[in-house]
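Chain residues, written in single-letter form:
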Amino acid sequence: MNSLEQAEDLKAFERRLTEIISGIQPATGRWRMVLIVVSVCTATGAWTWITDPETQQVAFFVSLWNHSFFAVSCIILIGLFLAGIHKRVVAPSIIVERCRTVLAEYNMSCDDTGKFILKPRPQPQ
């Protein structure tokens, strides 16, 4: 394979990598918003649950029944984490880190958008 073909392969790989990363960015943004909204709802519900003077007077499950907003938002938050939202939120950075690991063997790296960074060759001593 000559250097022209290798350069074309690198360009094609870079285009595909940037395409993949830019393609999952909108979905990642939506998952981040879902996680933020559910986390804020859970925190708000927890605050109302903790500050309620009746919470200390009644049984645990009765207290959760009285604060159904908190209970439901906790269940949703736990369900989201069990479904893997934590992986979906950081998916682009996982892909970029794995590519950097592979590209390091070839004195290359990439930025967060998938663009290649060519590093100088190490000088033989």
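Cut-offs and rules
- Residues numbered from 1 in each chain as written.
- Predicted model: local features only at pLDDT ≥ 70, side-chain atom pairs only at ≥ 80, totals over all residues.
- Heavy atoms only, no water.
- UniProt positions renumbered as here; feature names shortened; annotations may be inferred.
- Helix = DSSP H or I, 4+ residues; strand = E, 2+ residues; numbered from the N terminus.
- Expected span 1.5 Å × (residues − 1).
- Bend = angle between axes of the 7 residues up to and from the residue.
- Buried < 20%, exposed > 50% of the residue type's maximum accessible area, 1.4 Å probe, protein only.
- Contact = heavy atoms within 4.5 Å.
- Arc of directions from axis to C-beta.
- Polar contact = N/O pair within 3.5 Å; in protein donor to acceptor, adjacent residues only side chain to side chain.

Per an unreviewed UniProt entry, the protein chain goes by Nuclear envelope phosphatase-regulatory subunit 1 and derives from Eptatretus burgeri. Looking at the protein chain in UniProt, the text filed under Sequence similarities (unreviewed entry) is "Belongs to the CNEP1R1 family."

Chemist: Residues and numbers for the UniProt feature "transmembrane region" (unreviewed entry) in the protein chain, please.
Modeler: Under the present numbering, the feature "transmembrane region" (unreviewed entry) in UniProt falls on residues 31-50 and 62-85. Spanning residues 31-50, this segment combines 100% helix with 0% strand, and its end C-alpha atoms are found 28 Å apart. Secondary structure content for residues 62-85 is 92% helix and 0% strand, and the end C-alpha separation is 30 Å.

Chemist: Tell me about helix α1 (residues 3-51), and name the residues and values.
Modeler: Over its 49 residues, α1 extends 69 Å from the first C-alpha to the last, a length consistent with the 72 Å expected when each residue adds 1.5 Å. Along α1, the largest kink reaches about 30 degrees and is centred on Q25; proline P26 follows within four residues of it. Residues E14, L17, T18, I21, T28, L35, V38, T42, G45, A46 and W49 constitute the buried set of α1. Contacts from the buried residues of α1 go to α2 (60-66), α3 (68-83), α4 (85-89), α5 (91-104), β1 (108-110) and β2 (116-118).

Chemist: Which residues make up α5, and what values do they have?
Modeler: Over its 14 residues, α5 runs 20 Å from end to end, which matches the ideal 20 Å to within 8%, given 1.5 Å per residue. Every buried residue of α5 is listed here: P92, V96, C99 and L103. All buried residues of α5 lie within an arc of 65 degrees about the axis, which places them on one face of the element. Away from the buried face of α5 by more than 90 degrees, exposed residues R98 and T101 are located. Residues of α5 that are buried sit in contact with α1, α4, β1 and β2.

Chemist: Could you give an account of the environment of S22, naming the residues involved and the relevant values?
Modeler: One can find S22 in helix α1. For S22, a relative accessible area of 46% gives the class partly exposed. Separated by 70 residues in the primary sequence, S22 and P92 have C-alpha atoms spaced 8.7 Å apart. A polar contact is formed between the side chain of S22 and the backbone oxygen of E19, at a distance of 3.2 Å.

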